[in-house]
Amino acid sequence: MNKSEVLELKRRLKKDACTFTRMCGCYVDGERNRIVKLEETFLNLDEEEFYKYLEIARKALSGVIGNQLLELEFPLEEEAVGGRQHFLSALKSSALKNPDLLERFYDLIIDNYEYAGNYLILIFHDAYDIIIKTKDKNSLDESEEVYEYLLCAICPVSLSKPALGYRSDENRIGARVRDWVVGAPESGFLFPAFTDRSSDIHAVMTYHKNPKEPHTEFMEGALGCVARRTAAEQKQAFQSIVQKAFGGDEEKSTEAFNEIQQELSDFAAGQEPDEDATQKDPARLSADDIGKLMEESDMPKTAAEVIASSYREEFQDETPLLENLMDSKAALAGSKLRQQKDLVKKVAALEEQLGNTKTYDVILRVKPEKEQQIQSQIINGRKCIVIPMEENEHAIVNGRNTTV
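Residues numbered from 1 in each chain as written. Predicted model: local features only at pLDDT ≥ 70, side-chain atom pairs only at ≥ 80, totals over all residues. Heavy atoms only, no water.

Some details on the overall build of the protein
No. 1: Counting secondary structure elements, the protein contains 11 helices and 17 strands.
No. 2: Evaluated residue by residue, the protein yields a buried proportion of 39% over its 404 residues.
No. 3: When contacts within the protein are restricted to residue pairs at least 6 apart in sequence, long-range pairs at least 24 apart make up 63% of them. (Helix = DSSP H or I, 4+ residues; strand = E, 2+ residues; numbered from the N terminus. Buried < 20%, exposed > 50% of the residue type's maximum accessible area, 1.4 Å probe, protein only. Contact = heavy atoms within 4.5 Å.)

This is the structure:
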């Protein structure tokens, strides 16, 4: 799925465009006990509840693809009878009206979702009548396909914060009664994926509010997919590789990471898009690419070799997107560091050229009107400062009068 396909579905999650047929859910406590279940015809909900649930559904389709939104493919065995994909397909076809399938679905989530507190499982059913679009993206009044799907959101439920409020029954200001509040979803999924504006039963789009700590057990246990790392996790792994290469020395590893980020920025700028490339084929940073960058870098050879070999081992299963590893702030810091190092090199080169030549500071004092007349000229092959002076006029050089 790409960004435009996600947005196409999100645009429908509005009061006048929403066509959710049914919503079901299960409230679970911290001990994994079911507290209450709900089954609603979505369009019959009270207006206030309608908007709140719709907001939750929209959140489950929010974020950056590859980070908060991560598409996973089902292994072949999960598409066989008894597999997770086969089960989700049956649940979708039931339009959430089969109690046994719903019970199994709740068990699947509860058994494979690690969360210390209370949470609410919500699942929506929808059938989207896809309108044909021309190449110039104008819509035609014809149906191309009916995309039937499930959208799941798993939301934390926590006690409201203690606060003072007006107690109308006692006509006074007092402590508010704390109640349990449903928060924005922590995890979720869309099945089947909406690829090329069509149903893709071989894939599922997962949602992770915190991409630095996604629920891997949910991806693998509940959905039966091989978990993938988010962009945030890939960047953390890359930074960890650099830290280990410098033995955990934070100062040196941070400096090296910033320099590498600047090199990645240069590398990205030099990438010419392939004529056949599309949004589905963004640039990736291979192990060979990082090895070449390390060879050309100024960092210690041992550290550079460790980074290159560790990168190859860490990302052997999936080559990360280049953009997933880039950090604009670190690249800026690396650019400043590079400028400082270049300046130090230039100064060292000048000092080497000067060698043992002795230099002296010369202080000239001239009248203000003479300042604009000072020039430089080559005299006897040497560059000299020339100050025009009238007859009997004098200047002060290193505190001594000099008369023409």
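Some details on the nonpolar core
No. 1: Formed by 36 residues in total, the largest nonpolar core has its most connected members in F20, F42, F124, L151 and L190.
No. 2: Broken down by secondary-structure element, the contributors of at least two residues to this core are α1 (3-10), β1 (22-28), α2 (47-59), β4 (118-133), β5 (139-159), β10 (193-195) and β12 (203-208).
No. 3: The leading source of residues in this core is β5, at six residues.
No. 4: Every residue in contact with F124, bar those within four places of it in the chain, is listed here: F20, R22, M23, F42, Y53, A57, L96, Y149, L150 and L151.
No. 5: Of all hydrophobic cores here, the second largest spans 32 residues; its members include L70, L96, I154 and L223. (Core = buried A, V, L, I, M, F, W, Y, C linked by side-chain atoms within 4.5 Å.)

Examining a negative patch on the surface
No. 1: Taken together, the side chains of E40, D46, E47, E48 and E49 define an acidic patch exposed on the protein surface.
No. 2: Tallying contributions element by element places α2 first for the negative patch, with three residues.
No. 3: With respect to the helices, strands and loops of the structure, E48 is situated in helix α2.
No. 4: A relative accessible area of 62% places E48 in the exposed class. (Patch = residues over 30% accessible without salt bridge, like charges linked within 9 Å, V, L, I, M, F, W, Y side chains within 5 Å. Areas by Shrake-Rupley, 256 points an atom, 1.4 Å probe, with all protein chains shown as cover. Salt bridge = Lys/Arg side-chain N within 4 Å of Asp/Glu carboxyl O. Lys, Arg positive; Asp, Glu negative; His and termini not counted. Charge placed at Lys NZ, Arg CZ, Asp CG, Glu CD.)

A short note on the packing of helix α7 (residues 250-269) against helix α8 (residues 287-296)
No. 1: In contact at an axis separation of 11 Å, α7 and α8 are set at 120° when each is read in the N-to-C sense. The crossing of α7 and α8 is right-handed. Residues I260, E263, L264 and F267 of α7 lie in contact with α8, whose contacting residues are D289, L293 and M294. (Axes fitted to C-alpha atoms, helices over the stretch in contact; angles between N-to-C directions. Left-handed = near helix turned anticlockwise from the far one by under 90°.)

Brief notes about unusual backbone geometry
Glycine aside, negative phi is the norm for most residues, and most peptide bonds take the trans geometry.
No. 1: Here the bond from F191 into P192 is cis, since omega is -10°, no more than 30 degrees from zero.
No. 2: Tracing the sequence through the fold places P192 in the loop between β9 (187-191) and β10.
No. 3: At A95, a position not held by glycine, the phi torsion is positive, near 55°.
No. 4: Residue placement: A95 occurs in the loop between α3 (84-93) and α4 (99-111).
No. 5: By relative accessible area, A95 is classed as buried at 16%.
No. 6: In the Ramachandran plot, N171 falls in the positive-phi region, its phi being about 55° despite a non-glycine side chain.
No. 7: Mapped onto the secondary structure, N171 falls in the loop between β6 (164-167) and β7 (172-175).

Points about the packing of α8 against helix α9 (residues 301-314)
No. 1: For the pair α8 and α9, interaxial distance at closest approach is 9 Å and the crossing angle is 175°. By the criterion of interaxial angle, the relationship of α8 to α9 is roughly antiparallel. Contacts between α8 and α9 pair A287, D288, I290, G291 and M294 from the former with A304, I307, A308, Y311 and R312 from the latter.
No. 2: In the contact of α8 with α9, the residues fall into seven nonpolar, one polar and two charged. (Parallel < 35°, antiparallel > 145°, perpendicular 65-115°, else oblique. Nonpolar A, V, L, I, M, F, W, Y, C, P; charged D, E, K, R; others polar.)

Focus on the pairing of β9
No. 1: Extensive coverage of β9 is indicated by the burial of five of its five residues.
No. 2: Burial of the side chains of β9 extends over both faces: S187, F189 and F191 are buried on one face and G188 and L190 on the other.

Observations regarding the side chain of K92
No. 1: Tracing the backbone shows K92 in helix α3.
No. 2: Of the residues examined, K92 reaches a relative accessible area of 12% and is grouped as buried.

Things to note about α2
No. 1: Its 13 residues place the ends of α2 19 Å apart at the C-alpha level, agreeing with the 18 Å of an ideal helix rising 1.5 Å per residue.
No. 2: Every buried residue belonging to α2 is among F50, Y53, L54, I56 and A57, and all of these are buried. The buried residues of α2 all sit within an arc of 155° when viewed along its axis, so they share a single face. Residues E48 and K52 are exposed on α2 and point more than 90 degrees away from its buried face. (Expected span 1.5 Å × (residues − 1). Arc of directions from axis to C-beta.)

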